[in-house]
Amino acid sequence: MDAAAATRLLKGVRDAALAGRRPPVGPRADIDESWQRALRGGVHPDRDRRAGVLPLEEIERRRLASPLLEVLPVLRDGLVSIAEAAQHIMVIADTDGRLLWREGSAPVLRKGDAFGFVPGADWSEALVGTNGVGTPLISRRPVQVHSAEHFVSTHHTWTCAGAPVTDPRDGRLIGVVDISGPLSTMHPATLALVTSVTRLAEAELRDRHRDALDRLRSVASPLLSRLGGRALAVDERGWTAAVSGMPPPGRLALPKSVRAGRQWLPSLGTCTLEPLPGGWLVRVDDGDPAQAGTGRVVLDLSRAHRPSVRISGGAGSWSHELSPRHAELLYLLARHRDGRSAAQLAEDIFADRTRTVTVRAEMSRLRRHFAQVLAHRPYRFAEEVEVELLVPEDPAALLPHSTAPAVRRARAA
């Protein structure tokens, strides 16, 4: 099928879907889910809606604060020259869908101006519907949006391919990289190219992280050798650089706001934290009776992009943002207080009861973070823990990135 025929077919699919008719060919799953979100969110399918472009000062502030600034050379080297040759442009956006950088073919940049595809513009899915910036931010997956797959009809002369970027140091979504251009310049390999270059950028962040841990280790090791009891040095994201008197945890879950002094951590109990260059010295207060006393867990899934958990008890409180997979698992355990076996969780998440090895590995990571609130055999929240689950008012907005069958069923309800 040539490009013109494909475009006509997609227009027919979109028109049928918007009219509630059965389309001749079903849209791809990512596109269909995005269209449904746009319909529920009140995006007009034939009206080009735009928000105010951020002032230059705010754009520059966001650029300097973005972890993507560290890997901007990798993204430029991998994509800009190819984008220019293919009459495309490269766009990099933050997690709000705000465009921060835009480079590539000069004629296409001018065409992008007509769409409002400019630095500081808001291209979140909630504002402009299905597109290669906002949709990957929701789905957490690379997405190509071609012609009439865009929800808003004024974007149908455009094609784009975007891939989300995740910071390997803490699993947080940090933005999206997109290649966009006119329909006539579309190539089926564009999405694979964008995805590959974002993986290179994530690998660069991983290498920088290893170097930073080596520097922290060189500072912390002499200190730990002089301490008695259990202690460890971690970086600002909780990754272990050195340890004394205990098995080394891969990563220590730290609260959002870390401060010097005594703090309660779910995996270790009450600890004393002292700042180090590039991290923290954590000394475990062994024998402290306040380590017991965990009483309440609040699992907050009401914000689509930032699932979090807050744990509180007699020893204090602690909060932490969750990765998409850990959010899914804790949601299932909150819904099934009597517990789930590894096979049941594999069925819930993958529709495949045999994928127990993957489930056990993820639950092992979770229990290292939340040892005092999670039990196993079966996996469950401890009986003495009160659990509160906060979900969106609209069930369809629950964990929108998730493809887990159990979550899909909950959204459909």
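Residues numbered from 1 in each chain as written. Predicted model: local features only at pLDDT ≥ 70, side-chain atom pairs only at ≥ 80, totals over all residues. Heavy atoms only, no water.

Colleague: Can you help me understand the packing of helix α9 (residues 324-335) against helix α10 (residues 342-350) in this one?
Modeller: To characterise two packed helices, one gives the angle between the axes of the helices and the distance between these axes. Where α9 meets α10, the axes come as close as 11 Å, and the angle between the chain directions of the two elements is 120°. Taken together, the axes of α9 and α10 lie oblique to each other. Remark: the crossing between α9 and α10 carries right-handed chirality. Two secondary-structure elements touch here, α9 through Arg325, Glu328, Leu329, Leu332 and Leu333 and α10 through Leu345, Asp348, Ile349 and Phe350. (Axes fitted to C-alpha atoms, helices over the stretch in contact; angles between N-to-C directions. Helix = DSSP H or I, 4+ residues; strand = E, 2+ residues; numbered from the N terminus. Parallel < 35°, antiparallel > 145°, perpendicular 65-115°, else oblique. Left-handed = near helix turned anticlockwise from the far one by under 90°. Contact = heavy atoms within 4.5 Å.)

Colleague: What should I look at first to understand the sheet that holds strand β6 (residues 231-235) in this one?
Modeller: Think of a sheet as strands paired side by side through backbone hydrogen bonds, with each pair either parallel or antiparallel. Strand order across the open sheet formed by five strands is β7-β6-β10-β9-β8, with antiparallel pairing between neighbours. A single partner strand is all that each edge strand has here, and the edge strands are β7 (240-244) and β8 (261-265). Going across the sheet, the axis of each strand differs from the next one's by a mean of 30°, ignoring polarity. Where β6 meets strand β10 (residues 279-284), five bridges bridge the pair, whose relative direction is antiparallel. Bridged to leucine 232 within β10 is valine 282. Together, β6, β7, β9 (269-276) and β10 form the strand contacts of helix α8 (residues 190-225), whose direction differs from that of β7 by roughly 20°. (Pairing = 2+ DSSP bridges.)

Colleague: Would you mind going over the pairing of strand β2 (residues 99-104) with me for this structure?
Modeller: On a regular strand, each side chain points to the face opposite its neighbour's, so the side chains alternate between the two faces of the sheet. Among the six residues that make up β2, five are buried, leaving the element largely enclosed by the rest of the structure. Where strand β1 (residues 89-93) meets β2, five bridges bridge the pair, whose relative direction is antiparallel. Across the sheet, the residue bridging to isoleucine 92 is tryptophan 101, located in β2. Two successive antiparallel strands, β1 and β2, enclose a turn made up of five residues, where glycine 97 displays a positive phi of approximately 85°. (Buried < 20%, exposed > 50% of the residue type's maximum accessible area, 1.4 Å probe, protein only.)

Colleague: Looking at this structure, how should I read unusual backbone geometry?
Modeller: If a residue is not glycine, its phi is most likely negative; likewise, a peptide bond is most likely trans. Note that the residue after arginine 377, namely proline 378, is joined by a cis bond; omega there is -5°. Looking at the secondary structure, you find proline 378 in the loop between β14 (374-375) and β15 (380-381). For alanine 351, which is not glycine, the phi dihedral falls at a positive 55°. Even without being glycine, arginine 377 reaches a positive phi, approximately 60°. Topologically, arginine 377 is positioned in the loop between β14 and β15.

Colleague: Explain the packing of aromatic side chains to me, please; I cannot follow it from the model alone.
Modeller: Any pair of aromatic rings gets described here by the distance separating the centres and the angle formed by the planes. The final tally for this structure, using the stated rule, is three aromatic pairs. In this structure an aromatic cluster arises from ring pairing among Phe115, Phe117, Trp123 and Trp158. (Phe/Tyr/Trp six-rings, centres within 6.5 Å; stacked < 30°, edge-to-face > 60°.)

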